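# Observations on the model geometry
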Amino acid sequence: DYLKLKDALSEDNQENAKKAAVSMQENLARVDMGLFTGESHSAWMKFSNELKENLQHAPHFSGLEETREAFRLLSVTMVEMSESFKPFSETLYVQHCPMADNNKGADWLSTEKEIKNPYFGESMLTCGEVTREIKY
């Protein structure tokens, strides 16, 4: 769902972005916490609480700017979580746009090396760079 959200934002598609965010929120609520034990349980609780907080208004996202801000906050957690759990059997690319978040910069995850900027969409689709890789 996160990757669908990223793709929708890079295409400036608010409707699909909102759908992906709501789906992410619903699927997060379905995660079986019994799958996590010990340290991984503590880590999951931290990550899931952050994700739930950032997705709490997903059903009411009204525009790309609001959705992109939530995505920026989600991405912080998703990058950290992906580095901890390495959830994909394929490489994830941490990508960075220096102009996002009022020129403070922001990261996102992608399964492709090619930059498709979710923070600016079509207006600056290729702005950014791969800063690191997360390998399984």
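This one's a predicted model, so the numbers in the text were calculated from it and none came from an experiment.

## Some words on the nonpolar core
Membership of the largest hydrophobic core comes to 34 residues, with the highest contact counts inside it found for Leu5 and Leu109. Those elements that provide at least two residues to this core are helix H1 (2-10), helix H2 (14-29), helix H3 (38-55), helix H4 (64-85), strand E1 (92-97) and strand E2 (106-110). In this structure Leu5 touches Ala17, Ala20, Ala21, Thr67, Phe71 and Leu74, once residues within four positions along its chain are discounted.

## Re H3
For H3, built from 18 residues, the straight-helix expectation of 26 Å at 1.5 Å per residue is met to within 8% by its first-to-last C-alpha distance of 26 Å. Regarding H3, the residues found buried are Trp44, Phe47, Ser48, Leu51, Asn54 and Leu55. Along the axis of H3, the buried positions cluster into a sector of 125°, meaning they face one direction only. Facing away from the buried side of H3 by more than 90 degrees, the exposed set consists of Glu39 and Glu53. Among the structural elements, H2 and H4 are those in contact with the buried residues of H3.

## Here we look at the sheet that holds E2
Strand order in this open sheet of three strands is E2-E1-E3, and the pairing throughout is antiparallel. Edge positions in the sheet fall to E2 and strand E3 (129-134), since each of these pairs with one other strand and no more. Each adjacent strand pair in this sheet contributes to an overall mean axis angle of 30°, direction not counted. In the sheet, E1 pairs with E3 via five bridges, with the strands oriented antiparallel. Following the sheet pairing, Gln95 is matched in E3 by Val130.

## Points about the packing of aromatic side chains
The full count for this structure, using the stated rule, is six aromatic pairs. On the numbers, 4.9 Å between centres and 0° between planes, the contact of Phe36 with Trp44 is stacked. The two residues Phe36 and Trp44 agree in class, both being buried. Ring centres 5.8 Å apart and planes at 70° place the aromatic pair Trp108 and Tyr119 in the edge-to-face group. Here Tyr119 lies in the loop between E2 and E3 and Trp108 lies in strand E2, a separation of 11 residues in the sequence. One exposure class covers both Trp108 and Tyr119, and it is buried. The rings of Tyr2, Phe71, Trp108 and Tyr119 are connected pair by pair, giving a single aromatic cluster.

## As for the pattern of salt bridges
Taken as a whole and assessed by the stated rule, the structure comprises 10 salt bridges. The salt bridge partner of Arg72 is Glu69, with a shortest N-O separation of 2.6 Å. Remark: Glu69 and Arg72 occur in helix H4; sequence separation between them is three residues, near one turn of the helix. Of the residues examined, Glu69 reaches a relative accessible area of 34% and is grouped as partly exposed.

## Examining the pairing of E2
Most of E2 is tucked away: four of the five residues are buried. Where E1 meets E2, five bridges bridge the pair, whose relative direction is antiparallel. Paired with Tyr93 across the strands is Ser110, a residue of E2.

Cut-offs used in this document
Residue indices follow the written sequence of each chain, beginning from 1 at its first position. With the structure being a predicted model, the display of local features is reserved for residues of pLDDT at least 70 and the display and counting of side-chain atom pairs for 80 or more, all residues being used for whole-chain, interface and lining totals. For side-chain calculations, the full set of non-hydrogen atoms in the structure is used, while hydrogens and water are omitted. By nonpolar core is meant a set of buried Ala, Val, Leu, Ile, Met, Phe, Trp, Tyr and Cys residues that side-chain atoms within 4.5 Å join together. Each residue's exposure class comes from its accessible area (1.4 Å probe, protein chains only) as a fraction of the maximum for that residue type: buried when under 20%, exposed when over 50%, partly exposed otherwise. The numbering of helices and of strands both runs from the N terminus, where a helix is a DSSP run of H or I of at least 4 residues and a strand a run of E of at least 2. We call two residues contacting when some pair of their heavy atoms lies within 4.5 Å. In this scheme, a helix's expected span is set at 1.5 Å multiplied by one less than its residue total. To be clear, the arc concerns the directions from the helix axis to the C-beta atoms. For two strands to count as paired, DSSP must find a minimum of two bridges between them. Interaxial angles span 0 to 180 degrees and are taken between N-to-C directions of axes, which are lines fitted to C-alpha atoms, for helices over the stretch in contact. Stacked, edge-to-face and tilted labels apply to pairs of Phe, Tyr and Trp rings (six-membered ring for Trp) whose centres lie within 6.5 Å, assigned for plane angles under 30 degrees, over 60, and everything in between, in that order. We define a salt bridge as a contact between a side-chain nitrogen of Lys or Arg and a carboxyl oxygen of Asp or Glu at a distance within 4 Å.

Read these as geometric descriptors, not functional statements.
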